[in-house]
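Fold and geometry: a report
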Amino acid sequence: MKPTRPLLASLLATTLGLCALSAHAADVTFTFTNLAPPGGVGVAPLWLGLHDGSFDSFNAGSVASGAIERAAEDGNANVLTSDFGAQAVGGLQTRLPGGPRFPGATSSFTLHNVDLGGSNRYLSYAAMVVISNDFFIGNDNAKQIDLAALAGGGSLSLALGGAGQVWDAGTEVNDFHDSLANGAFGIGGGQSMANQGTAEHGVIHAVLGSPYADFAGAELVPVNFDWAPLNFNANPAFGRLDISVSAVPEPETYAMLLAGMGLMGVVLRRKAAAVA
Ligand SMILES: [Ca+2]
Ligand SMILES: [Ca+2]
Ligand SMILES: [Ca+2]
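Just so we're clear, the structure is a prediction, and the values are computed from it rather than from any experiment.

Remarks on the overall build of the protein
Tallying secondary structure elements over the protein gives 4 helices and 11 strands in all. When each of the 276 residues of the protein is scored for burial, the buried share is 43%. A total accessible area of about 12600 Å² is found for the protein, and carbon and sulfur atoms account for 60% of it.

So, in structure tokens, the structure goes:
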């Protein structure tokens, strides 16, 4: 029987269609860029988790978990990482490499075999903001950032740390004597070891207004210190997270692709024989 062009087109379409349907593993590259002006805030290595919507790292108005306390006070996401590992079944997580990112700096990492169509569709992030005692950025709503639409590939940019979007963990009193990263800003004193400072016994709340107006230890700040770059509530968002997704065909997809190509080869050979 002589195959027709529509049959060949149909085979090709079926092969490509099967590839598209089964392409639910992806490589996801995260790139954080600190957009603050010179002299603006730094951001600790960003923690990122991809989960099914069940992992909620914090609630505004509630006492912070030990994981958020350590992340917000010391820039240390170790407890957050272990909590996520224990609670987020099928979840994937990473911390962007390197140290704190100051204005103009970037950091990037790729997670492989991510199922954005299923168990990894929701993104959670968290990182300490410095200079501070316990300021951090993160999403309260575990399902706020849904990446399912990127499962087949694509990209998305998120603005992080806009006005009113930095949290005070409510765990450490705001005091330059025990704050982190003072040296990077030319401010004296500061934390010399982890978990140093006075317990606040408060709840997680948004940092509003001039962020450093209520800090104790003002005597450690140089005279005529320029607060404008650090006033993140008066500046545009200080962070951008670029998410780039490329779908990876799975082994069975390759098998189907090869089977489809083999079938097309048979058809083409029969067609050639029929023409001869
Ligand atoms: Ca929450
Ligand atoms: Ca505080
Ligand atoms: Ca401290």
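From this point on, the discussion continues.
Quick notes on the coordination of the calcium ion (ligand 2)
At 2.3 to 2.7 Å from the calcium ion (ligand 2) lie its protein donor atoms, namely Asp134 (OD), Asp134 (OD), Asp168 (OD), Asp168 (OD), Glu172 (O), Asn174 (OD1) and Glu200 (OE). Counting residues between consecutive donors of the calcium ion (ligand 2) along the chain gives the motif D-x33-D-x3-E-x1-N-x25-E. Comparing Glu172 with Asn174, the two get one shared label, buried.

A word on the coordination of the calcium ion (ligand 3)
Within the protein, the calcium ion (ligand 3) binds to Glu172 (OE), Glu172 (OE), Asp178 (O), Gln191 (OE1) and Gln196 (O); these donor distances fall in the range 2.2 to 2.6 Å. Residue classification places Asp178 among the buried positions, given a relative accessible area of 17%.

Examining the confidence of the model for the protein
Note: predicted coordinates in regions of low pLDDT should not be interpreted at a detailed level. On average, the protein scores 89 in pLDDT, and the residues at 70 or more come to 82%. Low pLDDT, under 50, characterises residues 11-23; the stretch is placed with 15 contacts to residues that sit more than four places away or in other chains.

Examining the sheet that holds strand S5 (residues 106-114)
Read across the sheet, 4 strands follow the order S5-S1-S11-S8 without closing on themselves; strand pairing throughout is antiparallel. Two strands in the sheet have a free side with no partner beyond their single neighbour: S5 and strand S8 (154-160). Across the sheet, the mean angle from the axis of one strand to that of its neighbour is 15°, orientation sign disregarded.

So, the nonpolar core
By size, the foremost hydrophobic cluster in this structure holds 42 residues, and its most contacted members are Phe30, Leu46, Leu123, Ile137, Leu241 and Ile243. Elements that contribute at least two residues to this core include exactly strand S1 (25-34), strand S3 (47-51), S5, strand S6 (122-130), strand S7 (135-138), S8 and strand S11 (239-248). Among all residues touching Leu46, those that are not within four sequence positions of it are Phe32, Thr94, Arg95, Leu96, Tyr125, Ala126, Ala127, Ile137, Leu160 and Leu241.

Details of the pattern of salt bridges
All told, the structure shown has 4 salt bridges when counted by the stated rule. A salt bridge links Arg70 to Asp74, with the shortest nitrogen-to-oxygen separation between them at 2.9 Å. Separated by 4 residues within a single helix, Arg70 and Asp74 lie in helix H2 (residues 66-74), roughly one turn from each other. The class for Arg70 is buried, based on a relative accessible area of 16%. With a shortest N-O distance of 3.1 Å, Arg240 and Asp242 are connected by a salt bridge. Owing to a relative accessible area of 31%, Arg240 belongs among the partly exposed residues under this scheme. Salt bridges sharing partners connect three or more residues here, namely Arg70, Glu73 and Asp74.

Concerning H2
For an α-helix, 3.6 residues make a turn, and residues three or four places apart therefore share a direction. For H2, a buried count of 7 out of 9 residues is recorded, marking the element as mostly surrounded by other parts of the structure. Among all positions of H2, only Ala67, Ile68, Arg70, Ala71, Ala72, Glu73 and Asp74 are buried. Here the buried face of H2 lies against helix H3 (78-87), S6 and S7. Once H2 finishes, Gly75 follows within two positions and takes phi at roughly 70°, a positive value.

What counts and how
- Each residue is numbered by its place in its chain's sequence as written, counting from 1.
- The lettering of chains begins at A and the numbering of ligands begins at 1, in the order of writing.
- Confidence filtering applies because this is a predicted model: local features only for residues at pLDDT of at least 70, side-chain atom pairs given and counted only at 80 or more, and all residues used for totals across whole chains, interfaces and linings.
- Where side-chain values are given, they derive from all heavy atoms of the structure, hydrogens and water being excluded.
- By definition, any uninterrupted DSSP run of H or I lasting at least four residues is a helix, any uninterrupted run of E lasting at least two residues is a strand, and each is numbered from the N terminus.
- Buried residues are those whose accessible area, probed at 1.4 Å on protein chains only, stays under 20% of the maximum for their type, while exposed residues exceed 50% and partly exposed ones sit between those limits.
- Each accessible area is a Shrake-Rupley result for a 1.4 Å probe, and residues are judged covered by the shown protein chains and nothing else.
- Listed donors are limited to N, O and S atoms within 2.8 Å of the metal, widened to 3.2 Å for Na, K and Ca; water is not among them, so incomplete-looking sites are possible.
- Each residue carries a pLDDT value, the predictor's own confidence for that position, ranging from 0 to 100.
- The contact criterion used is simple: two residues touch if any of their non-hydrogen atoms lie within 4.5 Å.
- We treat two strands as partners when DSSP finds at least two bridges between them.
- Geometry is summarised by axes, namely lines fitted to C-alpha atoms with helices restricted to the contacting stretch, and by angles between N-to-C directions that run from 0 to 180 degrees.
- Within this scheme, the nonpolar core is defined by two criteria: the residues are buried Ala, Val, Leu, Ile, Met, Phe, Trp, Tyr or Cys, and they are joined through side-chain atoms within 4.5 Å.
- Salt bridge, as used here, is a side-chain nitrogen of Lys or Arg placed within 4 Å of a carboxyl oxygen of Asp or Glu.

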